[in-house]
Every structure is written in structure tokens, then in C-alpha cells.
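Observations on the model geometry
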Amino acid sequence: MNFDLPFLWALVVGFALAMYIILDGFDLGVGILLLTAKSETERDLMVQSIAPVWDGNETWLVMVGVGLLGGFPLAYGILLPAFYLPAFCMLMCLAFRGVSFEFRFQAGATRRIWDYAFAAGSVGAAVCQGLVVGGMIQGVHVANNSFTGGALDFVSPFSILTGLTLPLGYAYIGASWLAFRTENALAERSRGQALAHLAAFVVVVMAVVLWAGREQPQLGSGLDASSRARGPWWNTGLFLAAAMASAIALFQRAGAWMFVTSVGVFLVTFGGLELALYPYIVPFRLTVWQAASAETSQQFLLIAIALLMPVVLCYSAYSYYVFRGKVRTNAPDEEPAKDSLVKA
Amino acid sequence: MELTALFLSRLQFAFTVAFHIIFPSMSIGLAAFLAVIELLYLRTREELYLRIYRFWLVVFALGFGMGVVTGLVMSFQFGTNFSRFAQAVGPVIGPIIGLEVVSAFFLEAGFLGIMLFGWGRVTEKMHFAATCFVSLGTTVSASLIMAANSWMHTPTGVSFDGHRFTVLNWWAVIFNPCYPYRLLHMLMAAWITASFLVCGISSWYLLRRQHLDFARRCFSVSLIAASFLMPLQLFLGDVLALDVMAPHQIAKIEAMEGYWDTAPNAAWNVIVVPDQEHQRNRVQLGVPYLGSILVGKNLTTSIPGLKGTPRDKQPRMWVVFYGFRLMYLLGTLMFCAAVYSVWLRWRRRLYESRGFQRLMVWLAPSGFLCVLGGWITSETGRQPYTVYGYLTTADSLSPLTSGSVITSFALVLAVYGTLLTSFLVLLRRTLLRGPVDRPLATHPSGTVRRVYIPEQEGVLR
């Protein structure tokens, strides 16, 4: 049997990355929106909606990192030094945010501090990821399979724009998650926030798309001439259609659809970016085939993934299923909450 | 010491990895402990076990969170600071760690939510299954990361072309010569760490005469575990060092024992002040003949000296020596405490000896210190290599300026310092609050608050 292993591997890493930006995307978004919560009860509800699942969501990022290490070690060893500072800032932000989940429940009077840490960590991580996206589109300097640029190469007006895009996008998907998972005033406000952030996200993404074409003429160089000419139009059309669908779902208060359509918007955006960079894994220097690990290494893990990933997806879905339904602070049979938000 | 990117990267890596290992050691041990306790609850239906479970679940959750986020940093740090290592070794350890992610990390993460918040949302059996899966996840995770790390100590099953390793035989890579021993040594270390932590905290309650039924049960269970594990661990450590590691990394053994020249009828060095430059000790203090007894089980065996290894292949003696002394001396003390507990139990004075309880309070963090000492010995002892005999640490480094590494290290120190302080403050608060003494309501709720803040629970209906 003859598989194109590097391509399969790229799909695996791409899949993990897509899972990451959707799943950790909405919980980072909830973290960002925590700043806008009106009361302690609201903050509790917001955190509670993601507490049982955040750890699994973040695991997809580990999967991306290790997928690169095992499948494309050359790319892993070029990209991480190239984005050394934003990568470290992101990791430290994620560390702060991760523990503030566990700590806030234990911290009586200092709970507020942990909420701020959680929010700040979420914003910081999102900005750093956005900077890396901008830096990837700009391309990195490489010689002899090693990064040769400077520590601050990634900083530019363009990457600052992409640095703003991700927090907006995460806040949007987080708000639609909250609109779906919470009730009453919090759900209503989240719905409004989702619409506002969607509008801002669409504007910024369009700006990025227009600017990116000028910033980096090599975008889409892996596609044939006709797809290269039509691709951006198709992609933009699809993006706007997905955004429209999401807006309609939000206006209609369409339950789970509010969240599902925002996932659609994310997938289209991500897919567009991947197609523009394809077939490069280190933008415009190394393709997935050039950066690929030895066949024995890629085979080993692909077999493991083929066997285990379906199981992983099943029990991850089960854990979401266990915590289905609207989040509430207190069980119905306990004392009614002081806040009118929660149905007694 | 000049602040080169190499030195700073090594320091940063050592700091982050040492910080990280504390928390998995605790999670592996506590997860196993929690699984046993929940099983006992389901078997006996004794309400006390449920309270024990709830209390240690909170401690577990605090530590697990720390382990996850510091582990995330580790998975990227191979690339950020040691990119040439990553490019060379990625084809070997990448797939092993990848297997760890799909088999262990997702398993832990998928069932952790149910374990922490699912009580009442799922059936008791399902909850027990979730606890077991989390515990299994932590153990599988340790098994695979130990395979990757052990391969770096005794690399087999590969070919190396000067730039990249290619795997010839996966079986030989994973089951490399030192792997089974080091894995077992680490797992037992984690279980022992948790035993001494549980024991230390329950003796603290015993001394304060608080939560007595809770404290006695935890004290007794954890000491049973420690009494079985400590002798095995000492024996295993001896086999690991002298029979398994010595043929592969003699330099580590030489540095551990603190001799430069091969010494017959050797004393067991307790204090040395090595002078690496002149290849001698400035100060050397030891217990006569004990070195030969421990190494060769007789009075005359020679202990090899570090001069037996060429200078450019020598590890720094003082780090390896004191890392090992920390683990060995503290481990011996823990062994004695475990043996003494058996004596006390036999004389039916286990809960009466205040002195013993005081000792156990002091030994609460001993497992962590031993783990750190052991890892310092293991990882500094294989310098100057990252992959023993193939790739040096200097050749593993990323193209970085020291300015970048100073920035990141400062950030790491600030964040980790805050995290550790907060962790300790919250742990202290959890301990001061103690377990709930009244029966718990176990009806369905599934809200976060109820798990974490048990004192707000409703009374049993």
C-alpha cells in the first residue's frame, strides 16, 4: 500500500489545529468575556460552562506541538525558535489561565483576582496566537534548516492586525457558546456580544485578506492558476455566507445552532488560511514533503492515531454529553439563588 | 559564569522540568490512591471513604491543573530552546510523545471533568470508571514519557547520520535497556510521594486532634502503602544504578560516588567539595568502608573515579553527587520511618506515638525532594550529552540570542513563582478547612461549586 504519508500527517496536524482553535477558542473567548460579566454569579456560570472540558480542549494544542515534532521535526525546529517570544508569552498566559480555573473555586476573597488572571491570560494567549498567524503569513528566514531571522521579525503592522483578529474571533465563538449554554439575562447579553464581535471579526478578517495579498505575494502559490485566481473569491463568499448564517442563527435565538454556525465560520476562515499557505509548513521555505520525518516515524504514529483517535473522539463527546444542558449555579432542590438570573 | 544562550537555556529547561515533575508525581500517586479509596467506598459503603475521596480530590485537582499547564510548556520547549535536538530526535521521541497524547492526555482530560464534577450526574460505577481512567491515563503517560527519556539515556534501535536519527526498530527504541527499571522506579516514586504526602497531612490532623476518624484511616492506609513500597524502591534503585546504568553511563556512577581516582576499601562520601578544574576534591568526608559495602557488598570493592572518563565527557561532579545524596539519604530515612510504622502497628501503638506523627509531618514533602534529587542525578549525570554518546547538549541548542532567553526565563520565573505561591496558599487553606465532618448529600447536582466547596453542601436528606 502506498500512502502519501506527509500529506496524511499534514491533515492530522491540521485537524488537531482546527479542533484547537474551535474548542480552546470558545473557552479562551469565555475567558475574554469574563471582563464584561455583571456579577459574581455570572462569572461562576461562565466559568462553570467550560470547567469540565477546558483541559481536553487544551490537549489539542499539545497534539499540534507533538504532531509537528514527530511528523515534521524540521518545521518544529524552525518555527518555534522563529516565534520564540510569542510562543513563550502564549504558554505563560495559558499557564496562568489554566490554573486560575482550579484556583478560583478554592480562593474565597481572592476569587476576583483569579478571574482577572483568567481573563488577562485568555486575552494574552489569543493575541500571541494572532501574532504568530501574522508572522506565518509574512514568512520566516531560513538557511540550512535553521531559523536565521531576528527575535522580533514577526512584529509588523500586519501581524498586529492579525493579533487583534484572534481575540475578536475567540470572543465571538465564546459568546455564541454562552448564548447556547446559559439562560436569561446572561444568554441575552452573550447573544448581543456574539453579534457585535461577529461584525467586528468579519471586518477585520476582510482587512487581513486584502492586506495579506499585498504583504505576501506567494500566498496560494501551491494552487494551480485557475484556483489561485478564483480561490480568494470562493473563500470570501463562503466566509460571508457562513457569517450570515451565524448572524441569522443568533437573531433567531436558534439554540445550539448559534454555536454550530460560529464553528462553521471558524472552519471556513481556518480552511482559507491553510489553502493560502499550502503546501508550505514553514511558510514559503519548506513544504510538508521537505519537512517530513522519516517514513518509519510517520507510520508509527499514524497507526496509533488511526486506532485511538476514534475512541478519543467518542469519550470526549461523552464528556460533553454528561455536562449537557444549561449551566446553573445551584441544583434545583437547593436554596434558591439570590440572583434573579437563576431559576429557583 | 557567562550568561550564554546555552547556559540560560539549560537553566530554564532544568527549572521548568523540575517544577513540572513535582505535580505529575503527585497526580500519578494521588490518582491511584483515589481509585483505591473509591473502590473501598463502593465495596464497603462506609461513608468515611467518600469523605476521604472528596477531600483528596480537591488536592488532586489543584496539583493536576499545575501539572497540565507546566506540561504544556514542556511540549514546546524542545523546539523553542533545543531546536537542533528536536530536528535530530523528533523522528524518535516525537511519535512516542504523540502516542502519549492520544493514549493518555486525552484520556485524563476526557474523564477528569466527570471525576471532578460528575458525581451525581453519572452513576456511581461510571464515576468510579472515570477515576480509574484518569489514574490509568496518568500511568500510561508516565510509561511513555519514561520510554522517550530512557531512550535518550540508552539509545538503541536507531541509526544516526550526524543530523537526524532514523528508527530501525521501534521495539528496541521503546524497550531500551534501562527503560523497564527506570519506569518502575519512577512509578514507585510517585506512589511513595503520594503516600508520604497523605500520611504527613493526616498526622498533622492527628497532632491537632482534628478530624480524627478521617486522619486515622488516611494515616493507616498510606503507611501500609509506604511499608510495602519503600523496601522495594531501595532494592530497585540499587539494581538500577549498579546493574543497569553502570555499564552504559559509568561517568554518572563515578560522579555520584564523589571519587576522582579509583578507590579500593572506599568510604561512602557524605561531603565532597570537588574541584573539577584540577580533577580533585578539596574536601572529602565519608563513612569508612561503607562505600565498598554499598557498591560491592564487601569491604574491598573499588569504586571507580571520575578520571576514568575523559575530561570533555565528564558531568559536573557536585551536582550529580549532591542530587544523589539528597535522594539517597532522605530515601533511607523514609525507609526507616516505614519500617518503624510496621513495628508500631504490630505493637498496636500506631495512632499513639506523637513523636512518630511529628516525624511524618516533616516527611510530608520528602517524596517530592527525593524525586527532584533523583532526576537531578539522572539528567545532570548524562551530561554533556542529550542523547547519550550521540548528541551533545551544546549541539542541541536553538539559534537564539541570550537576550531572548533572558526575557523568557524572567517571564517563566515570574509566572511560575506566582503559581507556586498561590498553589501553596490554596493548599494551606484547603488543609486548614479540612475534610467535612458531617455526612454528605449525594443526590444529583453536578454543579461545580458542590465539588470544590463541600462545606456549602446541603445536609443529608
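Residues numbered from 1 in each chain as written. Chains lettered and ligands numbered in written order. Predicted model: local features only at pLDDT ≥ 70, side-chain atom pairs only at ≥ 80, totals over all residues.

Counting its secondary structure elements, chain A contains 11 helices and 4 strands. Dimensions along the principal axes, computed over C-alpha positions, put chain A at roughly 65 × 40 × 40 Å. In chain A, the share of contacts with a sequence separation of at least 24, taken over all contacts with a separation of at least 6, comes to 76%. (Helix = DSSP H or I, 4+ residues; strand = E, 2+ residues; numbered from the N terminus. Contact = placed C-beta atoms within 7 Å.)

Along its length, chain B carries 14 helices and 6 strands. Taken against the 2.2 N^0.38 rule, which gives 23 Å for 461 residues, the C-alpha radius of gyration of chain B at 23 Å falls within 12% of a compact globule. A principal-axis box enclosing the C-alpha atoms of chain B has dimensions of 75 × 50 × 40 Å. When each of the 461 residues of chain B is scored for burial, the buried share is 52%. Considering only residue pairs separated by 6 or more positions, chain B has 74% of its internal contacts joining residues 24 or more positions apart. (Rg over C-alpha atoms; globule rule 2.2 N^0.38 Å. Buried ≥ 20, exposed ≤ 12 C-beta atoms within 10 Å, placed from the backbone.)

For the rest of this paragraph, the subject is the confidence of the model for chain A. Of all residues in chain A, 94% have pLDDT values of 70 or greater, and the mean over the chain is 81. Here residues 331–344 of chain A is modelled with pLDDT under 50, and outside its nearest four sequence neighbours on either side it reaches 20 contacts, counting other chains as well. (pLDDT = per-residue confidence, 0-100.)

Further remarks concern the confidence of the model for chain B. Residues and elements named next belong to chain B. Chain-level pLDDT for chain B is 84 on average; 94% of the residues reach the 70-or-more range. Per-element averaging of pLDDT across chain B places helix α14 (residues 448–452) at the bottom with 44 and helix α6 (residues 179–207) at the top with 92. For the stretch residues 441–461, pLDDT sits under 50, and the model shows 46 contacts to residues farther than four places along the chain or on other chains. Interface confidence in the predicted complex, given as ipTM, is 0.82; pTM for the same model is 0.85.

Moving on: the nonpolar core. Residues Ala-75, Leu-91, Ala-95 and Val-282 of chain A together with Leu-34 and Trp-56 of chain B are the most contacted members of the largest nonpolar core, which totals 262 residues. Broken down by element, this core gets its largest block of residues, 22 residues, from helix α3 (residues 83–117) of chain B. Those residues in contact with Ala-75 of chain A that lie beyond four places of it in its chain are Leu-68, Ile-281, Val-282, Leu-286 and Ala-291 of chain A. (Core = buried A, V, L, I, M, F, W, Y, C linked by C-beta atoms within 7 Å.)

Counting residues at the interface gives 67 residues for chain A and 65 residues for chain B. Elements represented by at least two residues in the side of chain A that touches chain B include exactly α3 (54–71), α4 (73–82), α5 (84–106), β2 (146–147) and α11 (295–322) of chain A. By residue number, the principal contributor to the side of chain A that touches chain B is α5 of chain A, which donates 17 residues. Considering only residue class, the side of chain A that touches chain B consists of 42 nonpolar, 20 polar and 5 charged. (Nonpolar A, V, L, I, M, F, W, Y, C, P; charged D, E, K, R; others polar.)

All names here are of chain A. At a minimum axis separation of 13 Å, α3 and α11 run at an interaxial angle of 175 degrees. Taken together, the axis directions place α3 and α11 in an arrangement best described as roughly antiparallel. Across the interface between the two elements, Gly-56, Gly-70 and Gly-71 from α3 touch Ser-297, Gln-298, Leu-301, Ser-316 and Ser-319 from α11. Residue classes in the contact of α3 with α11 are distributed as 1 nonpolar, 7 polar and no charged. (Axes fitted to C-alpha atoms, helices over the stretch in contact; angles between N-to-C directions. Parallel < 35°, antiparallel > 145°, perpendicular 65-115°, else oblique.)

Right, let's talk about unusual backbone geometry for a bit. Here the amide bond leading from Gln-383 of chain B into Pro-384 of chain B is cis, since omega sits at 10 degrees, within 30 degrees of zero. Tracing the backbone shows Pro-384 of chain B in the loop between α12 (366–380) and β5 (385–387). Phi at Asn-184 of chain A is positive, roughly 55 degrees, even though this residue is not glycine. Along the chain, the position of Asn-184 of chain A falls in helix α8 (residues 184–215). Judged by the 13 C-beta atoms lying within 10 Å of it, Asn-184 of chain A is partly exposed. For Arg-209 of chain B, which is not a glycine, the phi torsion comes out positive at approximately 50 degrees. Relative to the helices and strands, Arg-209 of chain B is located in the loop between α6 and α7 (212–245).

Residue and element names in this part refer to chain A. With 32 residues, α8 should cover 46 Å at 1.5 Å per step; its first-to-last C-alpha distance of 45 Å lies within 8% of that length. Buried within α8 we find Leu-186, Ser-190, Arg-191, Gln-193, Ala-194, His-197, Leu-198, Phe-201, Val-202, Val-205, Val-208 and Ala-212. Where α8 is buried, its residues contact α1 (5–33), α2 (40–50), α6 (111–138), α7 (157–181), α9 (225–251) and α10 (256–277). (Expected span 1.5 Å × (residues − 1).)

Below, the discussion takes up the pairing of strand β3 (residues 268–275) of chain B. Residue and element names in this part refer to chain B. Pairing analysis gives 7 bridges linking β3 to strand β4 (residues 280–287), with the strands arranged antiparallel. Within the sheet, the bridge partner assigned to Val-272 lies in β4 and is Gln-284. Hairpin connection from β3 to β4: 4 residues lie between these consecutive antiparallel strands, with Gln-279 at a positive phi of about 55 degrees. (Pairing = 2+ DSSP bridges.)

Residues and elements named next belong to chain B. Taking burial as the measure, the 8 residues of helix α8 (residues 250–257) include 7 buried ones, the bulk of the element. Buried residues along α8 sit in contact with α7, β3, α9 (290–296), α10 (317–346) and α12. Where α8 ends, the next residue or the one after it, Gly-258, has phi of about 80 degrees, a positive value.

This paragraph deals with the environment of Met-317 of chain B. All names here are of chain B. As for its position among the elements, Met-317 is in helix α10. Sequence separation between Met-317 and Ser-83 is 234 residues, and the spatial gap between their C-alpha atoms is 27 Å. Contact partners of Met-317, with chain neighbours within four places excluded, come to Ala-255, Gly-258, Pro-274, Gln-276 and Leu-306.

With that out of the way, let us pick up the environment of Gly-157 of chain B. With respect to the element layout, Gly-157 of chain B can be found in the loop between α4 (124–153) and β1 (158–160). Along the sequence, Gly-157 of chain B and Ile-174 of chain B sit 17 residues apart, while their C-alpha atoms lie 8.6 Å from each other.

Attention shifts here to the environment of Leu-11 of chain B. Residues and elements named next belong to chain B. With respect to the helices, strands and loops of the structure, Leu-11 is situated in helix α1 (residues 5–44). Leu-11 gets classed as partly exposed once you count the C-beta atoms within 10 Å, which come to 14. Between the alpha carbons of Leu-11 and Phe-409 there is a distance of 8.6 Å; along the sequence they are 398 residues apart.

For the rest of this paragraph, the subject is the packing of α9 of chain A against α10 of chain A. The axes of two packed helices give the description: the angle between them and the distance between them. All names here are of chain A. At a minimum axis distance of 8 Å, the contact between α9 and α10 shows a crossing angle of 165 degrees. Relative to α10, α9 is oriented roughly antiparallel. For the crossing formed where α9 meets α10, the hand is left-handed. Two secondary-structure elements touch here, α9 through Gly-231, Asn-235, Leu-238, Phe-239, Ala-242, Ala-243, Ala-245, Ser-246, Ala-249 and Leu-250 and α10 through Trp-257, Met-258, Thr-261, Ser-262, Gly-264, Val-265, Val-268, Thr-269, Gly-272 and Leu-275. Grouping the constituent residues of the contact of α9 with α10 by class yields 12 nonpolar, 8 polar and no charged. (Left-handed = near helix turned anticlockwise from the far one by under 90°.)

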